[in-house]
Amino acid sequence: MALASGTKLGPYEIQSPLGAGGMGEVYRARDTRLDRTVAIKILPTHLSDSSEARSRFEREARAISALNHPNICTLHDVGSQDGASYLVMEYVEGETLQARLQKGLLPLKQALECGIQICDALEKAHRAGIVHRDLKPGNIMLTDSGAKLLDFGLAKPAGVLGAQALSDKADLTPSTPTMNLSKLAAPPAALTQQGTIVGTFQYMAPEVLQGEEASARSDIFSFGCVLYEMIAGRRAFEGKTQLSVMTAILEKDPEPLAALQPASPPALDYAIQTCLEKDPDSRFQTAHDVKLQLAWVAKSEVAKSGAQPVTSAVAKKGSNVLLAATAVLGIAVIALAALLIVSRQPRRVLRTNILPPEGTIFETLYRNGAPSLSPDGTHLAFIAQKDGKNVLWLRALDQLEATRVDDTDDAYFPFWSPDATAIAFFKQGKLWRTDLSGASPTAICDAPEARGGSWGRGDVIVFAPSFGGPIFQVAAAGGAPRPVTGVPVAAAYLSDRWPSFLPDGKHFLYLHSPFGTSGERNEIHLGSLDGTDKLLLRGRFYGAQYAAGRLVAVRDSSLLAWNFDGSSGQLAGDPVRIVDKVASDDITALSVFSLSNQGTLLYQAGTGANGNDRHIWMDATGKALAQLSEPSVYGPTRISPDGSRLALDVIGQSGVSPLWLWDLNGGTRTQISAADKFADAPLWSADGKTIYFDIFGTEVRDELHAVAADGSQPEHTLLKSDRDLMPADVTKDGKWLLYEEALLAPKDVKDSFGIASTLADAKLQAYPLTPEGKAFTILEPVANASNARLEPVTNNWIAYQSNQSGRPQVYLTRFPHPGAKYQISKDGGAQPVWSKDGKTLYYLDSYQKLNAISIDLAGDSIRMGTARTLFPTGIRHSIPTDGYDVTRDGRFLVLESINESTAPVVLVTNWDQELKK
């Protein structure tokens, strides 16, 4: 039923109907809050019970909300009232292209401008992974400010379309224009039918008609149909029946523009015909490429002259035979010249999106790694996450489906053998290899916290086994690794990482990072298996690879290429920019790109390495309440006892992480530890007057420090050790500081790098904060990063993390004299945190989901409730402690990872051809 004028939908007051279609009704309305005119699209009540209709309506909302572009209709709001869902969009004066074409074809200049704007909008949608699927004149609005792309009701993320294009059972009458429809002429009937095919036949790509997956290239075909109609004044494919239209699209080419509009530029005819190729591989591969072609045509002499296309080819027939003959001869000469030029053109640069397997997302940042192209460019190895678990996948690029590699749970940083018959990767503290014959993975050597590897000729692998120290080499069959770069083996915060072999199998590029994180002092070096080394570049770099005679690296988020002679190690000329905004990671100095030996480039778009975390306030349901911090690289974070301040460490450009205090009320931020030291794991005293923390990387291995929170007393050292230390908690009476001390293996036990091993366990110690106290051991062993937390009311119990069952779990025992140990978590647990009343214990499970369990500590035993999952946190696995905290009123402050890996990965063939322009 139509809505009457004055009807209220939330804050929106209906004014008048604009139009109606099979999927809804559109009204002009007033936003009473902002006093502006909007357009409201209603999903009627009779369609609300249809899952297909609701799905399409919701899909339109998601698609538009993901896009922000001047040539795409803006979505202001969504809502539901009395069983009817609605979308609130911008109201724009204008008319649809369909209505405009009923008055006659567009002038050439206007048609080119409109085409460029539509391409710009499509490029934005495609880069966001959205395919429109119903591009036609009725879904393009002409306004004073330019063309607007409308109606994303059929849009879907690329890669999930497939055969569904032939089975969606939505009402497929023409999509309803969303703006000012009362001014528009009624659109002619389109050849669509409910329950048969999604879209409008006259503008549908051949592969979609045949039931194949719709893609960005399908939209390009539809755009070619629209552009043809603007220039020619008639549809590219016509027929009296659905079958005849389908046959024309599948088997026939539209009549050349030269026959209908002899004054149209030949280059424009070529552009349209390329859009309308039957084979998707023969079309333009991106809307960006089409836009560039149209922009070139617009700058040509024909476009500059402002000449209007003739209104009818017949009207000019016979008016000037000599002129017509000359024009035909000229066109023939141009066509011949174009044919000769095309025959000499270099290989075409093609771009396409690679999507993760269904139900997964790419895991590329931090300790996961870029998807890795095989040397011959035919296969892709990558890490994808499903249900919180990272697994290695393999895909042949001539196939649509990827295959999960068995026994690769928790794998990261994959790389290929030179002959592409095996893949190496890291997991569980070791370097592994798996042959593609189907054999189970085998361990090669230790790699506690790896930072990349490369497999060269002669079955030699170079790899960075840890976040600090040199690059090592090892035989791919296994053996004892030995260092091949100059950083000391035991260096904790000098790092050589991301090695990449040159074709000779002897030299390799690598990144030298003085502080293990990105900064102005990162260096790209040319190393060698014989130990020789050469500095090539210094600056804000993220990895480097060699291909096609060039050194390719990311600097300040841009992918750049230098001419490079690998034999002499000489760079020549200025760098050439290949791609802007490549995803990078400040924590590991990792950039997400890969090159093959056959001219193939793969990369993931991102905003650059400007931070990977942010602090989010959440309620107990996981609803985000507010964002507290801007994106940056943060460490452990603790809320003060009175809830007014935060103590945390922030990793700066130099890689150092000093300690900061943030006032949550006044907003001031004060640095309270030395600017040139690494501070970690801040801990508040019960009265909020003192902060304890860890300092590392000094002349001794670790120190425990204390500083007055108000700055009244200087920072001072409590304890020094040659072992790893970490503060855990402070008793409420202020007498004892609980801290962890790493357990070392016996001196005669060394790892495969010749270093005395630091085991994965620690002991929990008590340090006296008063003169009469004496240090003692509380628990041994606990996990290294045990997150030991005292029950806050009585301090009679302590929750902690241990690996005694073979995996991290949360336990509870008495304090200060432990007795029986109660296991709290069942399927993995970490980072226990108490509610302020001591009645609930929170912890993270193995998928980084926040769990809660009620605990009654009355008497000598405990009574536990049933653990319940609250919400997924998005906390990086690399933050082993204080990734979240809870306030007295039950709000959670979560250090959320900003994961850009939902963006598609872009595959570019013949990328080096663009460097020759």
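Because the structure is a prediction, the values reported are computed rather than measured. (Residues numbered from 1 in each chain as written. Predicted model: local features only at pLDDT ≥ 70, side-chain atom pairs only at ≥ 80, totals over all residues. Heavy atoms only, no water.)

*Asks:* Would you mind showing me how to read the overall build of the protein chain here?
*Replies:* In terms of regular secondary structure, the protein chain is built from 13 helices and 63 strands. Here the protein chain, with 917 residues, has 54% of them falling under the buried criterion. By sequence separation, contacts in the protein chain at least 24 residues apart represent 51% of the contacts at least 6 residues apart. As presented, the protein chain carries roughly 38,900 Å² of accessible surface, and 52% of it is formed by carbon and sulfur atoms. (Helix = DSSP H or I, 4+ residues; strand = E, 2+ residues; numbered from the N terminus. Buried < 20%, exposed > 50% of the residue type's maximum accessible area, 1.4 Å probe, protein only. Contact = heavy atoms within 4.5 Å. Areas by Shrake-Rupley, 256 points an atom, 1.4 Å probe, with all protein chains shown as cover.)

*Asks:* Hey, could you run me through the pattern of salt bridges in this one?
*Replies:* Between side chains of opposite charge, a pair can form when the charged atoms approach closely. Scanning the model with the defined rule gives 26 salt bridges in all. The shortest N-O distance in the salt bridge between Arg 234 and Glu 255 comes to 3.3 Å. Taken together, the positions of Arg 234 in the loop between α6 (216-232) and α7 (242-251) and Glu 255 in the loop between α7 and α8 (257-260) put the pair 21 residues apart, joining distant regions of the chain. In the salt-bridge network here, residues are joined through shared partners; they are Asp 120, Glu 123, Arg 127 and Lys 291. (Salt bridge = Lys/Arg side-chain N within 4 Å of Asp/Glu carboxyl O.)

*Asks:* Would you explain the pairing of strand β23 (residues 460-463) in this entry?
*Replies:* On a regular strand, each side chain points to the face opposite its neighbour's, so the side chains alternate between the two faces of the sheet. Residue alternation in β23 divides its side chains into two sets, Val 460 and Val 462 and Ile 461 and Phe 463, and both sets are buried. Pairing geometry for strand β22 (residues 453-456) and β23, over 4 bridges, is antiparallel. Paired with Gly 453 across the two strands is Phe 463, which belongs to β23. The antiparallel hairpin formed by β22 and β23 contains 3 residues in its connecting segment, where Gly 458 sits at a positive phi of about 80°. Bridge count for β23 against strand β24 (residues 472-475) is 4 bridges, and the pairing is antiparallel. Pairing of Ile 461 across the sheet is with Val 474, part of β24. (Pairing = 2+ DSSP bridges.)

*Asks:* Could you clarify how one ought to interpret the sheet that holds strand β21 (residues 442-446) in this entry?
*Replies:* Strands pair in a sheet through their backbones, by hydrogen bonds, and they do so in one of two ways: parallel or antiparallel. Pairing is antiparallel in the open sheet, where 4 strands are placed in the order β18-β19-β20-β21. One side of each edge strand has no neighbouring strand; the edge strands of this open sheet are β18 (412-416) and β21. Averaged over all adjacent pairs, the angle separating strand axes in this sheet is 25°, with direction ignored. (Axes fitted to C-alpha atoms, helices over the stretch in contact; angles between N-to-C directions.)

*Asks:* How do you make sense of helix α4 (residues 108-127) when you look at a structure like this?
*Replies:* An ideal rise of 1.5 Å per residue puts 28 Å on 20 residues; α4 measures up with 28 Å between its terminal C-alpha atoms. Three or more residues of α4 are buried, namely Leu 108, Ala 111, Leu 112, Cys 114, Gly 115, Ile 118, Cys 119, Ala 121, Leu 122, Glu 123, Ala 125 and His 126. (Expected span 1.5 Å × (residues − 1).)

*Asks:* Mind showing me how you'd approach the environment of Trp 498 here?
*Replies:* In this fold, Trp 498 is placed in strand β26 (residues 495-501). Under the relative-accessibility criterion, Trp 498 is labelled buried at 10%. Taking the C-alpha atoms as reference points, Trp 498 and Ile 524, 26 residues apart in sequence, are found 9.9 Å from one another. In contact with Trp 498, other than residues within four places in its own chain, are Phe 413, Arg 451, Gly 452, Leu 509, Tyr 510, Leu 511, Gly 543, Ala 544, Thr 588, Ala 589 and Leu 590. From its side chain, Trp 498 meets the backbone oxygen of Ala 589 in a polar contact 3.0 Å long. (Polar contact = N/O pair within 3.5 Å; in protein donor to acceptor, adjacent residues only side chain to side chain.)

*Asks:* Would you explain the sheet that holds strand β7 (residues 94-96) in this entry?
*Replies:* Taken together, the 3 strands give an open sheet; going across it, the order is β7-β9-β10, and neighbouring strands pair in antiparallel fashion. Strands at the two margins of the open sheet, each flanked by one partner only, are β7 and β10 (146-149). Geometrically, the sheet is characterised by an average inter-axis angle of 30° between neighbouring strands, direction not taken into account. As paired strands, strand β9 (residues 140-143) and β10 are joined by 4 bridges and run antiparallel to one another. Bridge pairing links Met 141 to Lys 148 in β10. α4 rests against β9 and β10 of the sheet, and its axis sits at about 40° to β10.

*Asks:* What's the story with the confidence of the model for the protein chain in this structure? I'm lost.
*Replies:* Do not read the predicted coordinates in detail wherever pLDDT is low. Taken residue by residue, the protein chain gives an average pLDDT of 80. The fraction at 70 or more is 80%. Under a pLDDT of 50 for its full length, residues 158-199 has, in the predicted model, 130 contacts with residues more than four places off or in other chains. Predicted confidence is poor over residues 306-345, with pLDDT under 50, and the contacts of this stretch with residues over four places away or in other chains come to 18 contacts. (pLDDT = per-residue confidence, 0-100.)

*Asks:* Any chance you could explain the packing of aromatic side chains here in plain terms?
*Replies:* When we look at a pair of aromatic rings, we describe it by the centre distance and by the angle of the planes. Overall, the coordinates contain 17 aromatic pairs when judged by the stated rule. Note on Phe 221 and Phe 237: the rings are 5.9 Å apart at their centroids and 10° apart in plane angle, and the pair reads as stacked. On the criterion of sequence distance, the pair formed by Phe 221 in helix α6 and Phe 237 in the loop between α6 and α7 is long-range, its members being 16 residues apart. Both rings, one in Tyr 546 and one in Phe 564, keep their centres 6.1 Å apart while their planes meet at 70°; by these two values the pair is edge-to-face. With a gap of 18 residues between them, Tyr 546 in strand β30 (residues 541-547) and Phe 564 in strand β32 (residues 558-565) connect regions that are remote in the sequence. In this structure Tyr 546 comes out as partly exposed when scored by relative accessible area, which is 21%. Looking at Phe 564, the relative accessible area reads 6%, which means it is buried. Taking the ring centre of Trp 662 as reference, the NZ or CZ of Arg 669 above it sits at 3.6 Å. The cationic tip of Arg 891 hangs over the ring face of Trp 617; the distance from NZ or CZ to the ring centre is 4.4 Å. (Phe/Tyr/Trp six-rings, centres within 6.5 Å; stacked < 30°, edge-to-face > 60°. Lys NZ or Arg CZ within 6 Å of the ring centre and 35° of its normal.)

*Asks:* When you look at unusual backbone geometry in this model, what are you seeing that I'm missing?
*Replies:* With glycine set apart, most residues show a phi of negative sign, and most peptide bonds adopt trans. Going from Glu 780 to Pro 781, the amide bond is cis rather than trans, its omega being 0°. Residue Phe 815 is joined to Pro 816 through a cis peptide bond whose omega torsion reads 5°. On the secondary structure map, Pro 816 appears in the loop between β54 (809-814) and β55 (822-823). Residues other than glycine seldom take positive phi values, yet Asn 787 does so here, at roughly 55°. A relative accessible area of 2% means that Asn 787 is categorised as buried. We note that Asn 795 has phi near 60°; this positive angle belongs to a residue other than glycine. Taking relative accessible area as the criterion, Asn 795 reaches 9% and is therefore assigned buried.

*Asks:* Any chance you could explain the side chain of Thr 485 here in plain terms?
*Replies:* Tracing the sequence through the fold places Thr 485 in the loop between β25 (482-483) and β26. According to the relative accessible area criterion, Thr 485 is buried, its value standing at 9%. Engagement of the side chain of Thr 485 in a polar contact is seen with the backbone nitrogen of Ile 471, the distance being 2.8 Å. Of note is the side chain of Thr 485, whose polar atom sits 2.7 Å from the side chain of Asp 496. Among all residues touching Thr 485, those that are not within four sequence positions of it are Pro 470, Ile 471, Asp 496, Phe 508 and Tyr 510.

*Asks:* Hey, could you run me through the state of the cysteines in this one?
*Replies:* Joining two cysteines, a disulfide is a covalent bond between their sulfur atoms. Counting across every chain of the model gives 0 disulfides. Left unpaired, Cys 225 is separated from the closest cysteine sulfur, that of Cys 275, by 9.3 Å. Overall, the relative accessible area of 1% leaves Cys 225 in the buried class. (Disulfide = S-S within 2.5 Å.)

*Asks:* It is not clear to me how α6 should be interpreted in this structure. Could you clarify?
*Replies:* One turn of the α-helix equals 3.6 residues, which is why residues spaced by three or four share an orientation. Its 17 residues place the ends of α6 24 Å apart at the C-alpha level, agreeing with the 24 Å of an ideal helix rising 1.5 Å per residue. The buried fraction of α6 amounts to 15 of the 17 residues, a majority that puts the element mostly inside the structure. After α6 finishes, the residue Gly 233 shows a positive phi value of roughly 80°.

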